[in-house]
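In case you want the letters, here they are:
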Amino acid sequence: MSSSTSYELIYFNVIGLGETSRIILTYGDADWKETNPEWPAFKPNTPFGRLPVLIERKEGHEDLVISESEVIERYLSRKFGLLSSDPEVAVKQEQIRAQYSDARTLWIETEFTKHENLRPRFDEEVALLVSKHEEILEKNGNNGHYFGNELTYPDIAAYVILNGFKEYGYDSEITEEKAPRLNKLLKVVGEQVKAIKAKRQ
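All values reported here derive from a predicted model rather than from experimental measurement.

(A) Molecular detail of the UniProt feature "domain: GST N-terminal" (unreviewed entry) in the protein. The feature "domain: GST N-terminal" (unreviewed entry), as annotated in UniProt, sits at residues 5–84 in this numbering. End-to-end, the C-alpha atoms of residues 5–84 are 22 Å apart, and along that stretch the chain is 25% helix and 26% strand.

What follows is the structure, encoded as structure tokens:
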């Protein structure tokens, strides 16, 4: 990436919806910084009243301001080679990523409303996800990645989201016994993410 291109990720100082983009930016050796704004005072300065927001600055160009976490992730993944240049492969990679969105939305509703009826729905959603994704990972050789032998966008997103479930105790359906291939992904990608993050230390 040209040294004249820089990025500013605007988000809260939490893992949340910003962590996947942080990892991608660091993976791509981008010139980037993070800003944690005062909220809700900063809200009128965002495109749609939401965070995260990414600003791409290029010398001689108008700033590109992007909102919505998954849009930011996909944009950066294309920039830094984590999404395939083949549209037919890329759409399959994006499809894998999208599979996690419903489960994460339900997790957020369950965790923050504490509605006891939502937990069984969450577990059912994750159990279905696990059954499908275990098959996909097996077909790819059970090597800790969704596509080929290299790190791709869905690997990173899955790592971030599944670790979030585990951290908050929503892991009854993603145990080693029930989801051995997904747990292998967490280990393999976890080592890669550790090495990526070390570049900024």
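(B) Structural detail: the UniProt feature "domain: GST C-terminal" (unreviewed entry) in the protein. In the numbering used here, UniProt assigns the "domain: GST C-terminal" (unreviewed entry) feature to residues 86–201. Here residues 86–201 is 72% helix and 0% strand, with 34 Å between the C-alpha atoms at its ends.

(C) Helix H4 (residues 118–139), seen in detail. Spanning 22 residues, H4 covers 32 Å between terminal C-alpha atoms, matching the ideal 32 Å at 1.5 Å per step. Every buried residue belonging to H4 is among Leu118, Phe122, Asp123, Val126, Leu129, Val130, His133, Glu134 and Leu137, and all of these are buried. The arc enclosing the buried residues of H4, seen along the axis, measures out at 140°, which places them on a common side. Those residues of H4 that are exposed and aimed more than 90 degrees away from the buried face are Glu124 and Lys139. Next to the buried residues of H4 lie helix H3 (87–113), helix H5 (153–167) and helix H6 (180–198).

(D) Expanded view of the pattern of salt bridges. The final tally for this structure, using the stated rule, is 18 salt bridges. In this structure, Arg22 engages Glu34 in a salt bridge whose closest nitrogen and oxygen atoms are separated by 2.8 Å. Of the two residues, Arg22 is situated in helix H1 (residues 19–27) and Glu34 in strand E2 (residues 31–35); the sequence distance between them amounts to 12 residues. Classification of Arg22 as buried rests on a relative accessible area of 11%. Given the relative accessible area of 27%, Glu34 is considered partly exposed. The shortest N-O distance in the salt bridge between Arg97 and Glu70 comes to 3.7 Å. Of this pair, Arg97 sits in helix H3 while Glu70 sits in helix H2 (residues 69–79); the two residues are 27 residues apart in sequence, bridging distant segments of the chain. Owing to a relative accessible area of 22%, Glu70 belongs among the partly exposed residues under this scheme. The structure contains a network of salt bridges with shared partners spanning Glu19, Arg22, Glu34 and Lys197.

Criteria and thresholds
Residues numbered from 1 in each chain as written. Predicted model: local features only at pLDDT ≥ 70, side-chain atom pairs only at ≥ 80, totals over all residues. Heavy atoms only, no water. UniProt positions renumbered as here; feature names shortened; annotations may be inferred. Helix = DSSP H or I, 4+ residues; strand = E, 2+ residues; numbered from the N terminus. Expected span 1.5 Å × (residues − 1). Buried < 20%, exposed > 50% of the residue type's maximum accessible area, 1.4 Å probe, protein only. Arc of directions from axis to C-beta. Contact = heavy atoms within 4.5 Å. Salt bridge = Lys/Arg side-chain N within 4 Å of Asp/Glu carboxyl O.

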